[in-house]
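# Close look at the chain arrangement
Residues per chain, in single letters:
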Amino acid sequence: IVVLKILLIENNDIDAFIIQRALRSRAVGEECLRVCTLEDGARIMAAWALEIDIVLVELGLPSTPGSLAAFMEIKKRAAGRIPIILITNPQGSCRARFLVRDGVDDYLSKDIIINNPVHIRNTLDFAVERRRLYRKLSSEREDALATLTQKDIILNCFMGGYSISN
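One structure accompanies this document, and this report is about it.

## Concerning the sheet that holds strand β1 (residues 4-9)
In a beta sheet, neighbouring strands pair by backbone hydrogen bonds and run either parallel or antiparallel. What the five strands build is an open sheet, ordered β2-β1-β3-β4-β5; its pairing is parallel. Strand pairing shows two members of the sheet lacking a second neighbour, β2 (30-35) and β5 (106-109), which therefore form its edges. Averaged over all neighbouring strand pairs, the angle between strand axes comes to 20 degrees, with direction disregarded. Direction of pairing for strand β4 (residues 84-88) relative to β5: parallel, over a ladder of four bridges. Pairing of isoleucine 85 across the sheet is with aspartate 106, part of β5. Lying on the sheet, helix α4 (residues 93-101) is in contact with β4 and β5; it crosses β5 at an angle near 165 degrees.

## Some remarks on a nonpolar patch on the surface
A contiguous nonpolar surface patch, about 440 Å² in accessible area, is contributed by Ile154, Leu155, Phe158 and Met159. One can find leucine 155 in helix α6 (residues 118-158).

## With respect to the nonpolar core
For soluble globular proteins, nonpolar side chains are generally found buried alongside one another. Ile9, Met45 and Val55 are the most contacted members of the largest nonpolar core, which has 23 residues in total. For this core, the secondary-structure elements that each account for two or more residues are β1, α2 (38-48), β3 (54-58), α3 (67-78), β4 and α4. Ignoring sequence-local partners within four residues, the contact set of methionine 45 consists of Leu7, Ile52, Val55, Ile74, Arg77, Ala78 and Ile82. Grouped together as the second largest cluster of nonpolar side chains are 17 residues, Ala16, Leu56, Leu108 and Ala127 included.

## Comments concerning the pairing of β4
Burial runs high along β4: five of the five residues are buried. Sheet topology places β3 next to β4; four bridges connect them, and they run parallel. Directly across from valine 57, in β4, lies its bridge partner leucine 86.

## Regarding the pattern of salt bridges
For the structure on display, the rule yields ten salt bridges. Residue aspartate 106 is joined to arginine 130 by a salt bridge in which the shortest nitrogen-to-oxygen separation is 3.6 Å. Residue aspartate 106 is located in strand β5, and its partner arginine 130 is located in helix α6; the two are separated by 24 residues in the primary sequence. Through salt bridges with shared partners, one network takes in Glu10, Asp15, Glu58 and Lys110.

What counts and what doesn't
Residues numbered from 1 in each chain as written. Predicted model: local features only at pLDDT ≥ 70, side-chain atom pairs only at ≥ 80, totals over all residues. Heavy atoms only, no water. Pairing = 2+ DSSP bridges. Helix = DSSP H or I, 4+ residues; strand = E, 2+ residues; numbered from the N terminus. Axes fitted to C-alpha atoms, helices over the stretch in contact; angles between N-to-C directions. Contact = heavy atoms within 4.5 Å. Patch = residues over 30% accessible without salt bridge, like charges linked within 9 Å, V, L, I, M, F, W, Y side chains within 5 Å. Areas by Shrake-Rupley, 256 points an atom, 1.4 Å probe, with all protein chains shown as cover. Salt bridge = Lys/Arg side-chain N within 4 Å of Asp/Glu carboxyl O. Core = buried A, V, L, I, M, F, W, Y, C linked by side-chain atoms within 4.5 Å. Buried < 20%, exposed > 50% of the residue type's maximum accessible area, 1.4 Å probe, protein only.

Right under this line is the structure:
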């Protein structure tokens with residue numbers, strides 16, 4: 001059984017309860033650490049990024065002087081390894097789509113989570129799988145580039161010092 005370690009950044013106790021209840025509906029389980037601010041989330045990411053599998057962030061958190069910097073720090077720490085999923089109210093989907101284009105993995109509306117908790121499970125599973133496939137493709141790309149570099153060196157030797165990459 002794979003247990004996901006989830007960082008939930010949500011300041012509203014009722015919404016956090018609803019999200020955590022929906023998370024418990026996942027068949028494979030989860031460990032959920034909840035914090036209330038982006039700054040606290042950034043501190044957790046700095047200390048525990050290697051332990052976290054997924055980050056859920058409430059899009060409507062109150063803005064503080066350090067919240068944008070904290071969100072950017074969370075994205076930097078996630079760096080293609082940890083999926084970030086936004087939790088929005090129904091009116092926040094337009095802003096969430098903009099952030100998805102800016103590197104966030106996905107978003108879910110709270111009303112969808114409340115009415116059909118299976119959607120959070122599907123969203124988490126798909127986000128984790130997308131990241132796994134992305135890492136695999138990145139690794140294969142790096143291997144292919146290394147192979148091409150080696151072949152370029154060999155060809156360079158056979159061609160009297162000329163290189164394909166020049």
